[in-house]
Amino acid sequence: MTLILDVFTIAAVTVGVFFFVIAALAFLRFPDGLTRLHALTKVDNVGLGLIVFGLLPQAGSVMGALKLICVWLLVQFSGAIVTQLIARSTRREGQEA
Amino acid sequence: MASVFDVTLVCLILAVGAWSTFARLTFSAIVIFIVYGLLLSLAWVRLAAVDVALTEAAIGSGVTGMLLLNAVARLRSTDAAPTPSRSSVNIAAGVFCTLITASLAGLVLVPPQVPVSLAPSVMESLGQSGLGNPVAGVLFVYRSLDTLLEKVVLVLALIAVWSLAPDGLWGGKPALRPFPQRDSVLIFLARTVPPIGIMVGIYMFWVGADEPGGAFQGGAVLAAMWILVMIAGLAAVPPTSSHALRLALIVGPVVFLAIGILGIFLTGTFLAYPEGYAKPLIIAIEATLTVSIGVTLAMHVVGPPEKEWRS
């Protein structure tokens, strides 16, 4: 049973890390702020989600797992809002220029 | 495997540190400095010093980063034309920084004598204080004078910030630049996150007795929540002459000092806790300190008074 859980953790975290690498690449290659934000939001949602998902069996206790999920939800929430704020200020600057 | 991670982390920290030094724009240098702080707190976690990691992330990276960003925003109007920095000054600063780093490294790597660890004796008598976290025990039992002075320094620094205001504006209102327009998304954030953040802040202070955490970390989270609400324009920035504000600023250090003086009468030693009452007294000190630290840090970020204010 532990073996299956460990394999699950390794697989999920690896895919999550893959998303982070892709996003870092996109962040360097994409031409402007809005497309870069588009790339970064994918990481917040899917990459971190997969890593947290993969770590759940390793959390040791139900409380620990719940805390991990809370961290993920908070990052989701603040990530979505900060993205909106940055996108809005980018657009405002674009209009002024 | 673990050492590969650690070596990579150390190389990354050195690279990011150098990058922050060589960055040409002040703004980018500060953003890199914030990343540097976050990497440092990872290193502290690897060294099993979670208390230090939390403080580094909250104060070293978070609050300091915000203060520096504020400074850049204020300087933007004055340094439109970047003046070439004097190379003699740069060289002198570089030499002194290298000297400090080299002497610190020398002390750590080649200590004059084998350092005596007090850790075992701390762990032995930790039970008397009723605390489970040895870091909190050292901060509030063995080195409480340092801890007290540290909090007083925060208030002194705030007085220095306030002193930047011209005479006529003393006691006036800090001009925190709120978001340019009332932004619906920011207001939404400032309405939903503070309840969670305040709970996390209080939890960090409370858990500090037995687990990593404490007044400083909890206070920093509370400060962040207050700043968020003020930036979103949901709460007014208090005038610096406000009695409630000034009371909140000093209540922590005053309670700490009062309990310290009480120790002279009850036990004969300044800052000693009477037997059996250590835990409740430390909690009283930490609770008031959390409030004071939160308010002090937030007022540091908000800055000196810039608007006149009459009640």
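As named in an unreviewed UniProt entry, chain B is Multisubunit Na+/H+ antiporter, MnhB subunit, taken from Filomicrobium insigne. Under Sequence similarities (unreviewed entry), UniProt gives the following word-for-word description of chain B: "Belongs to the CPA3 antiporters (TC 2.A.63) subunit B family."

As annotated in an unreviewed UniProt entry, chain A carries the name Multicomponent Na+:H+ antiporter subunit G and comes from Filomicrobium insigne.

Novice: Hey, could you run me through the overall build of chain B in this one?
Specialist: The helix and strand inventory of chain B stands at 11 helices and two strands. Along the chain direction, N to C, the helices and strands of chain B fall in the order α-α-α-α-α-α-α-β-α-α-α-α-β. Dimensions along the principal axes, computed over C-alpha positions, put chain B at roughly 60 × 55 × 40 Å. Burial analysis of chain B (311 residues in total) assigns 38% to the buried set.

Novice: So what exactly am I meant to see when it comes to the side chain of B:Ser20 here?
Specialist: Residue and element names in this part refer to chain B. Locating Ser20 in the fold gives a position in helix α1 (residues 2-22). By relative accessible area, which is 17% here, Ser20 ends up buried. If sequence neighbours within four positions are ignored, Ser20 has contacts with Ala29, Ile32 and Phe33.

Novice: Whenever I open this one, the packing of helix α2 (residues 26-46) of chain B against helix α3 (residues 50-75) of chain B confuses me. Can you help?
Specialist: Angle between the axes and distance between the axes are the two parameters that describe a pair of packed helices. All names here are of chain B. The interhelical angle for the contact between α2 and α3, taken along N-to-C directions, is 175°, at an axis separation of 8 Å. In terms of orientation, α2 lies roughly antiparallel with respect to α3. Residue-level contacts link Thr26, Phe27, Ile30, Phe33, Ile34, Gly37, Leu38, Leu40, Ser41, Trp44 and Val45 of α2 to Val52, Ala53, Glu56, Ala57, Gly60, Ser61, Thr64, Gly65, Leu68, Leu69 and Val72 of α3. Split by residue class, the contact of α2 with α3 holds 14 nonpolar, seven polar and one charged.

Novice: For this particular structure, what's the right way to read the environment of A:Thr83?
Specialist: All names here are of chain A. Position of Thr83 among the secondary structure elements: in helix α3 (residues 62-96). Accessibility expressed as a relative area gives 17% for Thr83, which makes it buried. Spatially, the C-alpha atoms of Thr83 and Leu37 are 6.6 Å apart, while their sequence positions differ by 46 residues. Residues within four places of Thr83 in sequence aside, it is in contact with Leu37 and Thr41.

Novice: It is not clear to me how the nonpolar core should be interpreted in this structure. Could you clarify?
Specialist: Most often, soluble globular proteins keep nonpolar side chains buried together rather than apart. Judged by nonpolar contacts, the single largest core of 27 residues is most densely connected at B:Phe140, B:Phe256, B:Tyr273, B:Ile285, B:Leu289, B:Ile293 and B:Leu297. A per-element tally of this core places helix α11 (residues 278-302) of chain B first, with nine residues. Both of domain 1 (1-76) and domain 2 (130-311) of chain B provide at least three residues apiece to this core. Excluding residues that lie within four positions of it along the chain, B:Phe256 makes contacts with B:Phe140, B:Ser144, B:Thr147, B:Leu148, B:Leu271, B:Tyr273, B:Ile285 and B:Leu289. Core analysis: the second largest hydrophobic core is formed by 11 residues, A:Leu85, B:Val185, B:Leu186 and B:Val193 among them.

Novice: What should I look at first to understand empty space enclosed by the protein in this one?
Specialist: By rolling a water-sized probe across the atoms, one finds the places where empty space is left. Residues and elements named next belong to chain B. The full count for this structure, using the stated rule, is one cavity of 30 Å³ or more. By volume, the largest cavity is sized at about 50 Å³. Broken down by secondary-structure element, the contributors of at least two residues to the lining of the largest cavity are α8 (184-207) and α11. The greatest single-element share of the lining of the largest cavity, amounting to three residues, is contributed by α11. Here the residues of the lining of the largest cavity are counted per class, giving six nonpolar, no polar and one charged.

Novice: Help me understand the UniProt feature "domain: Na+/H+ antiporter MnhB subunit-related protein" (unreviewed entry) in chain B, please; the structure alone is not making it clear to me.
Specialist: The feature "domain: Na+/H+ antiporter MnhB subunit-related protein" (unreviewed entry), as given by UniProt, occupies residues 186-298 of chain B in the numbering adopted here. The distance from the first to the last C-alpha atom of residues 186-298 of chain B is 18 Å, and the span holds 75% helix and 0% strand.

Novice: Is there a simple way to think about the domain arrangement of chain B in this case?
Specialist: Accessible area lost when the parts come together is the quantity often used to give the size of an interface. Residue and element names in this part refer to chain B. The domain boundaries assigned to chain B delineate domain 1 (1-76) and domain 2 (130-311). For domain 1 versus domain 2, the distance between C-alpha centres works out to 23 Å. With 12 residues of domain 1 at the interface, the matching set in domain 2 holds 18 residues. Contact between domain 1 and domain 2 buries roughly 1200 Å² in total, counting both sides, with carbon and sulfur atoms accounting for 67%. For domain 1, the biggest contributors to the area lost against domain 2 are Asp51, Leu54 and Arg74; these three give 43% of the whole. For the interface between domain 1 and domain 2, the tally reads one salt bridge. The interface formed by domain 1 and domain 2 includes six residue pairs in polar contact (both at pLDDT 80 or more). Residue composition of the side of domain 1 that touches domain 2, by class: eight nonpolar, two polar and two charged.

Novice: I'm lost on the interface of chain A and chain B in this one. Help?
Specialist: With eight residues of chain A at the interface, the matching set in chain B holds 13 residues. Buried surface at the junction of chain A and chain B, summed over both partners, amounts to about 910 Å²; 72% is from carbon and sulfur atoms. In this assembly, chain A and chain B are joined by zero salt bridges. At the junction of chain A with chain B, the criterion picks out one residue pair in polar contact (both at pLDDT 80 or more). Looking at the side of chain A that touches chain B, its residues break down into four nonpolar, one polar and three charged.

Novice: Please clarify how helix α6 (residues 134-142) of chain B should be interpreted in this entry.
Specialist: An α-helical turn contains 3.6 residues, so a residue and the one three or four places further along point in the same direction. Residues and elements named next belong to chain B. All of the buried residues in α6 are Ala136, Gly137 and Phe140. Looking straight down α6, one finds its buried side chains confined to an arc of 100°; they lie on one side. Residues of α6 that are buried make contact with α5 (119-129), α7 (144-162), α10 (243-267) and α11.

Definitions and limits used
- Residues numbered from 1 in each chain as written.
- Chains lettered and ligands numbered in written order.
- Predicted model: local features only at pLDDT ≥ 70, side-chain atom pairs only at ≥ 80, totals over all residues.
- Heavy atoms only, no water.
- UniProt positions renumbered as here; feature names shortened; annotations may be inferred.
- Helix = DSSP H or I, 4+ residues; strand = E, 2+ residues; numbered from the N terminus.
- Buried < 20%, exposed > 50% of the residue type's maximum accessible area, 1.4 Å probe, protein only.
- Contact = heavy atoms within 4.5 Å.
- Axes fitted to C-alpha atoms, helices over the stretch in contact; angles between N-to-C directions.
- Parallel < 35°, antiparallel > 145°, perpendicular 65-115°, else oblique.
- Nonpolar A, V, L, I, M, F, W, Y, C, P; charged D, E, K, R; others polar.
- Core = buried A, V, L, I, M, F, W, Y, C linked by side-chain atoms within 4.5 Å.
- Domains from an automatic or database assignment.
- 1 Å grid on protein atoms, 1.4 Å probe; cavity = no way out; pocket = protein on both sides within 12 Å on 5 of 7 lines; lining within 4 Å.
- Points joined across faces, edges and corners; volume = space filled by probe spheres on them.
- Buried area = accessible area lost by both parts, 1.4 Å probe.
- Salt bridge = Lys/Arg side-chain N within 4 Å of Asp/Glu carboxyl O.
- Polar contact = N/O pair within 3.5 Å; in protein donor to acceptor, adjacent residues only side chain to side chain.
- Arc of directions from axis to C-beta.

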